[in-house]
Structures are given as structure tokens and as C-alpha cells.
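# Per-entry structural report
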Amino acid sequence: GSETENGETTVAKSARVENTRLKELRAQQAASERKRRLTVAAVVSAVIVIVVVAVVLAALNAPKGAVTSAKTSGTISDTLAKSLAGVPSATYDTVGVGSASPTTIKSMTGAVALKDGKPRMIYVGAEYCPFCAGERWALVTALSRFGTFTGIEYAVSSATDTPASIPTLSLKNAKFTSQYLSFESYEVQDRDGKALQKEPDDVAALQSANGGTAIPWIYYAGKAYQSGSTVDGTVFGTEAQDPIGAALTDPSSALTKAVIGGANLTTARICQTTGNKPANVCTSAGVTAAAAMQ
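The text that follows walks through the structure, step by step, so that each part is easy to find. It should be emphasised that the depicted structure is a prediction, and the values quoted were computed from it without experimental measurement.

### Details of the packing of helix H4 (residues 130-143) against helix H7 (residues 254-273)
Closest axis-to-axis distance for the H4/H7 pair is 8 Å, and the angle between their directions is 55 degrees. With respect to each other, H4 and H7 are oriented oblique. Judged by the sense of rotation from one axis to the other, the crossing of H4 with H7 is right-handed. Contacts between H4 and H7 involve Glu135, Trp137, Ala138, Leu139, Thr141, Ala142 and Leu143 on the former and, on the latter, Val259, Ile260, Gly262, Ala263, Thr266, Thr267 and Ile270.

Here is the structure:
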């Protein structure tokens, strides 16, 4: 009887030990699973934190002006064309030189250079170039006092340059008609820095001999050349082009002082090549003030 009891006791003890081992194993497995889940959760959380930090840093370090409501392509609206051609004479005269810099324009000696019997004016720039972006506003506005543009397009300068993403105009398909002068333009690279328009050999030679390869480069019919911008590109902000054009009637704004000041400097140089024609433009108070600075 005792052996049976001992046998039963041994079996019972073995069962209890096995049950204990199973419980311990299950507990270990459960603990391991909890640890795995915690590790996965920690890794996911760390990845999320890293991504959030990267996004925040990218936003903080993004070039100013990189986000803009300006259009990057397409022919400009009739409204903008009229704004650029219709800046009031009183605004030109009130602004004078404004905040524009005359130092980028250098005088040349010699006879007026002609093309098709008219003073030859040349612009060389690029769509990516922030300095060209600011200068085009002054250039187009000034030239609109001597003739008529067609084919001007919307553009925005490079988002990775400084200043970044300046709302501007492109002259790559522009045509200019005037009884006073001949004007030709070349946008040598697009917004991404890819080749766009090639300068003719004679234009490249003129540029090389007068100011080098810096852009914007403007040739005033052998009487002056410009290497660099007269206009501070930071005044444009992220505004779209049409509102910028409409704002050029206010002579007290920083934008108008920069653009119209540059336009008066450009106009004064053009007048040197046209024999001060048209007289109402070339003898105006704003242009006279700009001429005195050159």
C-alpha cells in the first residue's frame, strides 16, 4: 500500500513540478513578449521624433522667400502689362533714384552703337538669377517709356539662391518695338540652371570686354554697360507679380523706391543714346535726378 501511495505521490509531485515549469515558461514568454513590444514601441517613437525634428529643422533652415504665390510660367496678364507701362509720371518724379544703386552702371566713351539704324541696347540674364529677377522689373518699366513689349512671361528666381524665389518676369520670348532704340534680350539659363538661350558671338564678345560674365548685364549702345543689379531683390517678398505691378503707383513704398529708382537710372542711360528723346521722358524730374547720379 505504501508503494502505491509512494507511486501516486511521485506522480503527483512530477505533475506539480511540470505545471510549475509550464507556468514559469509561460511567464518568461509573456515577459519576453512585453519586452519586445516595448522595444518596438520605443523604436517607432524614436523614428517619429527623428522625422518630426527633421521636418522642423528643414522648415527653419529653408531659404527665406522659398514659398511664394507668384506664377512661374505663362504670358503675363494684360493687367500687369498695363501696370508696368502705366506708372504715373508723378511717381517717377517723386521717387527719383529712390533706393536704387547707380554704382553697377559704368560709363563708356565712343560713338553710339547702332542696330537697324537705332541705338542698340542688350540685356543678358538668367531665370534662376536673383539679381536679374529684381533688375527686370526696373528694366521693363523703363523700356516701357520708349516702346511696347509683347511676350513677357511670369518667372520666379531659384529657390536655393539668396534671396530665394523672387517673383519676377522672363524676357526669353519677349519682343520690343520702339522708334527710339533697338532692344534684344537673352535668358541664358532657366530656373534650374539649365541652358536656355545662347548669346550670339558678338554679344558674348561685347559682354566679355565690358564687365565680364556677371549678370544681369546690360549694354547701353556703347555709352554705358551694367554688370549687376540696381535693385535690392529683398523688397519683393513672396507677393505675386500682378499685385507687385499694381503697387508701383505708391512712391512711398520700399518696393516702388527700389523698382522705380532703378527704372529712372536705366532711363537716364537710355536717354544718353537717343539724343534725349522722347523729351517729356528724358527731361523729367526723376530722370534728371538719376542722370545727376551717373
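### Some thoughts on the pairing of strand E6 (residues 167-170)
In summary, the side chains of a regular strand alternate between the two faces of the sheet. Here E6 shows a buried face lined by Pro167 and Leu169 and a second buried face lined by Thr168 and Ser170. Where strand E5 (residues 153-156) and E6 come together, four bridges link them in antiparallel fashion. What sits directly across from Tyr154, in E6, is Leu169.

### Remarks on the layout of surface pockets
Its volume calculated, the largest pocket comes out at about 230 Å³. As for the largest pocket, its lining consists of 16 residues, and the residues nearest its centre are Ile76, Ala81, Phe149, Thr150 and Ile152. When residues of the lining of the largest pocket are traced back to their parent elements, those giving at least two are helix H2 (78-85) and strand E4 (147-150). Per element, the largest residue contribution to the lining of the largest pocket is five residues, and it comes from H2. Its residues assigned to classes, the lining of the largest pocket shows seven nonpolar, seven polar and two charged.

### So, the pattern of salt bridges
Counted under the stated rule, the structure contains seven salt bridges. For Arg136, the salt bridge is made with Glu187, and the minimal N-O distance between the two is 2.8 Å. Taken as a pair, Arg136 in helix H4 and Glu187 in strand E8 (residues 182-187) lie far apart in primary sequence, 51 residues in all. With respect to class, Arg136 is no different from Glu187; both count as buried.

### Focus on the nonpolar core
When a protein is soluble and globular, its nonpolar side chains tend to lie buried together. Judged by nonpolar contacts, the single largest core of 62 residues is most densely connected at Met121, Leu143, Phe149, Leu171 and Phe183. Tallying contributions element by element places H7 first for this core, with nine residues.

### Observations regarding the packing of aromatic side chains
Applying the stated criterion across every chain yields a total of six aromatic pairs. Ring centres of Phe146 and Tyr180 lie 6.4 Å apart, and the angle between their planes is 80 degrees; on these two criteria the pair is classed as edge-to-face. Linking Phe146 in the loop between H4 and E4 with Tyr180 in the loop between strand E7 (175-178) and E8, this pair joins segments that are 34 residues apart in sequence. Residue class for Phe146 comes out buried when judged on its relative accessible area of 4%. Under the relative-accessibility criterion, Tyr180 is labelled partly exposed at 22%. Ring geometry for Trp217 against Tyr219: centres 5.9 Å apart, planes inclined by 20 degrees, an arrangement best described as stacked. A relative accessible area of 0% means that Trp217 is categorised as buried. Taking the relative accessible area as the measure of exposure, Tyr219 reaches 6% and is therefore buried. Three or more aromatic residues joined by ring pairs make a cluster, and in this case those are Phe149, Phe176 and Phe183.

### Topic: the side chain of Gln207
You can see Gln207 is positioned in helix H5 (residues 201-209). Of the residues examined, Gln207 reaches a relative accessible area of 4% and is grouped as buried. When neighbours within four sequence positions are excluded, Gln207 is seen to be in contact with Val124, Glu199, Gly212, Thr213, Ala214, Ile215 and Trp217.

### Comments concerning the state of the cysteines
In total, this model carries one disulfide according to the counting rule given. Here Cys271 connects covalently by a disulfide to Cys282, the sulfurs 2.0 Å from one another. Between Cys271 and Cys282 the sulfur-sulfur dihedral comes to about -85 degrees; the bridge is accordingly left-handed. Highlighted residues: Cys271 in helix H7 and Cys282 in helix H8 (residues 279-282), separated in sequence by 11 residues. Given a relative accessible area of 2%, Cys271 falls into the buried group. For Cys282, a relative accessible area of 7% translates into the label buried.

### Re the pairing of E7
Burial of the side chains of E7 is restricted to one face: Phe176 and Ser178 are buried, whereas none of Lys175 and Thr177 on the reverse face is. In this structure, E4 lies alongside E7, joined through four bridges in antiparallel fashion. Of the residues in E7, the one forming a bridge with Gly147 is Ser178.

What counts, and where the lines are drawn
Each chain carries its own residue numbering, running from 1 in the direction its sequence is written. It should be noted that, the model being predicted, local features are given only for residues of pLDDT at least 70 and side-chain atom pairs only at 80 or more, the latter also being counted only at that level, while totals for whole chains, interfaces and linings use all residues. With hydrogens and water stripped out, all remaining heavy atoms of the structure feed into the side-chain values. All axes are obtained by fitting lines to C-alpha atoms, using only the stretch in contact for helices, and the reported angles, taken between N-to-C directions, cover 0 to 180 degrees. The way it works is that DSSP assigns letters per residue, a run of H or I at least four long becomes a helix, a run of E at least two long becomes a strand, and they are numbered from the N terminus. Our angle categories are set so that under 35 degrees counts as roughly parallel, over 145 as roughly antiparallel, 65 to 115 as roughly perpendicular, and the remainder as oblique. Crossing chirality is assigned from the near helix's rotation relative to the far helix, an anticlockwise turn below a right angle marking it left-handed and a clockwise turn marking it right-handed. We call two residues contacting when some pair of their heavy atoms lies within 4.5 Å. We call a residue buried when its accessible area falls under 20% of the maximum for its residue type, exposed when it is over 50%, and partly exposed in between, using a 1.4 Å probe and counting protein chains only. Think of it this way: DSSP has to see at least two bridges between two strands before they count as a pair. Only protein atoms enter the 1 Å grid used here, on which a cavity is any set of points holding a 1.4 Å probe that cannot leave and a pocket is any open set flanked by protein within 12 Å on both sides along at least five of seven lines; residues with an atom within 4 Å of a point are listed as lining. Grid points are joined across faces, edges and corners, and a volume is the space filled by probe spheres set on the points. Ten residues, namely Ala, Val, Leu, Ile, Met, Phe, Trp, Tyr, Cys and Pro, are considered nonpolar, four, namely Asp, Glu, Lys and Arg, are considered charged, and the remaining ones, Gly among them, are considered polar. In the sections that follow, a salt bridge refers to a side-chain nitrogen of Lys or Arg positioned within 4 Å of a carboxyl oxygen of Asp or Glu. Grouping buried Ala, Val, Leu, Ile, Met, Phe, Trp, Tyr and Cys residues that are joined through side-chain atoms within 4.5 Å yields what is termed a nonpolar core. Any two rings among Phe, Tyr and Trp, with Trp reduced to its six-membered ring, count as a pair given centres within 6.5 Å; such a pair is stacked if its planes are under 30 degrees apart, edge-to-face if over 60, and tilted if neither. Two cysteine sulfur atoms form a disulfide, by the criterion used here, when they sit within 2.5 Å.

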